[in-house]
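Structural features, examined
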Amino acid sequence: MTVDSIPLTVIGGYLGAGKTTLLNHLLRNADGRRIGVIVNDFGSLAIDADLLRDSSDGVISLPNGCVCCTVGAGLHEALRALTESQDDLDHIVIEASGVADPVVAAGWGTVPPFEPGGVIVLAAAESIRSHARDKYIGGEVARQLQGADLVLVTKSDLCDPEELEAVGRWLDEISGGAPRVAVTDGDVSTDVVLGVRSENQGATAPTSGHTDRYLTWSWTSSRPVASAALQSFLEALPSGVLRLKGFVALDDGSSVLVQVVGRTSAITPLRERLETDSRLVAIGLEELLDPAGLDRIAPS
Ligand SMILES: Nc1nc2c(ncn2[C@@H]2O[C@H](COP(=O)(O)OP(=O)(O)O)[C@@H](O)[C@H]2O)c(=O)[nH]1
Ligand SMILES: [Mg+2]
Ligand SMILES: [Zn+2]
């Protein structure tokens, strides 16, 4: 019996670009496809995997490092675990961490029975150009876009049409003319995303040491948090926090999802599930993030 090969699609894009939102949309619109998912969270708490488990059973978490370098080898184990638990998978999708080079992650994963799917790179319309100009992170952001087989311009709802057009032209230049689609809240056809097949094949070496530049901070608590304390914490967040996310159990018995991307934060009630414990994870550049400072302002 021959085993059919399984396409492996990698979703990349900088911290907060909308990768998990897109993946959730794909899983909820799978139309009968059996999709296995591997989520690489840079921090130690697997927040995204939990968000995706509400939409799919086949989710494996690869936390605590970056899939293009430090946990690259762990990807093989995760792939094996997925195919062993589900022998009829049609497709595998990897959400790379926001700092990963998705082309390198795709190279790691392309071993039989897997074949290259596409490298899909998300670019948040309202921030991608300033990120690319940033002296600390610009190189990573550009590298991600240069490897894209398809660029999805996310958060297009936050830009006016002229701005969107200018971002589009800029993206075409940096991505070398990769096809580009604008999306809002991950709303794009599953066929379009999973139908992409990569032209770059084979392994590529990661840029050594890029993860050393980032620090993560995590916080857990079994004590319910007052809503006002959560608000004050978010307002006091230092600018060194590039991204923060997690679940918080409030003292009124409800639970919320907390999302911070740059200067934007959102608190959303969790309806599908109640958390008894709170857990937050943050990431920032080593030079600019002070974990002890975050410990001091964290809700008590
Ligand atoms: N306005 C807007 N927000 C979005 C869109 N897509 C995602 N977000 C929000 O951006 C934040 C980060 O999204 P997430 O999918 O977790 O990004 P990831 O870090 O790349 O996985 C969340 O608060 C999302 O609700 C979009 O198209 N428009
Ligand atoms: Mg994510
Ligand atoms: Zn890496």
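Rules and cut-offs
Residues numbered from 1 in each chain as written. Chains lettered and ligands numbered in written order. Predicted model: local features only at pLDDT ≥ 70, side-chain atom pairs only at ≥ 80, totals over all residues. Heavy atoms only, no water. Helix = DSSP H or I, 4+ residues; strand = E, 2+ residues; numbered from the N terminus. Rg over C-alpha atoms; globule rule 2.2 N^0.38 Å. Buried < 20%, exposed > 50% of the residue type's maximum accessible area, 1.4 Å probe, protein only. Contact = heavy atoms within 4.5 Å. Lys, Arg positive; Asp, Glu negative; His and termini not counted. Charge placed at Lys NZ, Arg CZ, Asp CG, Glu CD. Phe/Tyr/Trp six-rings, centres within 6.5 Å; stacked < 30°, edge-to-face > 60°. Pairing = 2+ DSSP bridges. Near = heavy atom within 4 Å. Polar contact = N/O pair within 3.5 Å; in protein donor to acceptor, adjacent residues only side chain to side chain. Areas by Shrake-Rupley, 256 points an atom, 1.4 Å probe, with all protein chains shown as cover. Domains from an automatic or database assignment.

A few words on the overall build of the chain. Along the chain, the regular secondary structure elements total 10 helices and 12 strands. Its C-alpha radius of gyration of 19 Å places the chain within 12% of the 19 Å reference for a compact globule of 300 residues. Looking at the chain as a whole, 52% of its 300 residues are labelled buried. Sequence-distant contacts, at least 24 apart, represent 76% of the contacts inside the chain between residues at least 6 apart. Positive and negative side-chain charges of the chain, numbering 23 and 41 respectively, have mean locations separated by a distance of 3 Å.

Put simply, proline 112 and proline 113 share a cis peptide bond, and its omega is 5°. Despite not being glycine, aspartate 31 shows a phi value in the positive range, around 45°. Here aspartate 31 shows up in the loop between α1 (19–28) and β2 (35–39). Look at asparagine 64: it is not a glycine, yet its phi comes out positive at around 65°. On the secondary structure map, asparagine 64 appears in the loop between β3 (59–61) and α3 (72–85).

What follows deals with the packing of aromatic side chains. By the definition in use, this model includes two aromatic pairs. Arranged with centres 6.3 Å apart and planes meeting at 65°, the rings of phenylalanine 42 and tyrosine 214 form a pair that is edge-to-face. Linking phenylalanine 42 in the loop between β2 and α2 (47–53) with tyrosine 214 in strand β8 (residues 214–221), this pair joins segments that are 172 residues apart in sequence. Each of the two residues, phenylalanine 42 as well as tyrosine 214, counts as buried.

For strand β10 (residues 255–261), the tally of buried residues reaches five of seven residues, placing the bulk of the element in the interior. As judged from the seven bridges shared by strand β9 (residues 243–249) and β10, these two strands associate in the antiparallel manner. Of the residues in β10, the one forming a bridge with leucine 244 is valine 260. The turn linking β9 back onto β10 is made up of five residues, and glycine 253 within it adopts a positive phi angle of 90°. Of the strand pairs in this sheet, β10 and strand β11 (residues 264–269) are connected by six bridges, and their pairing is antiparallel. For glutamine 259, the partnering residue across the bridge sits in β11 and is alanine 266. What sits between the antiparallel neighbours β10 and β11 is a turn of two residues, in which glycine 262 has the positive phi angle 60°.

What follows concerns the site of ligand 1. Not every one of the 15 residues close to ligand 1 is listed here, only the nearest: Lys19, Thr21, Asp157, Asp185 and Arg243. A distance of 2.7 Å separates an oxygen atom of ligand 1 from a polar side-chain atom of lysine 19. Residue threonine 21 places a side-chain N or O atom 2.5 Å away from an oxygen atom belonging to ligand 1. Bound to the protein, ligand 1 loses 84% of the 580 Å² it would expose on its own. Broken down by secondary-structure element, the contributors of at least two residues to the shell around ligand 1 are α1 and β10. By residue number, the principal contributor to the shell around ligand 1 is α1, which donates three residues. Mapped onto the domain boundaries, the shell around ligand 1 takes at least three residues apiece from domain 1 (6–208) and domain 2 (211–297).

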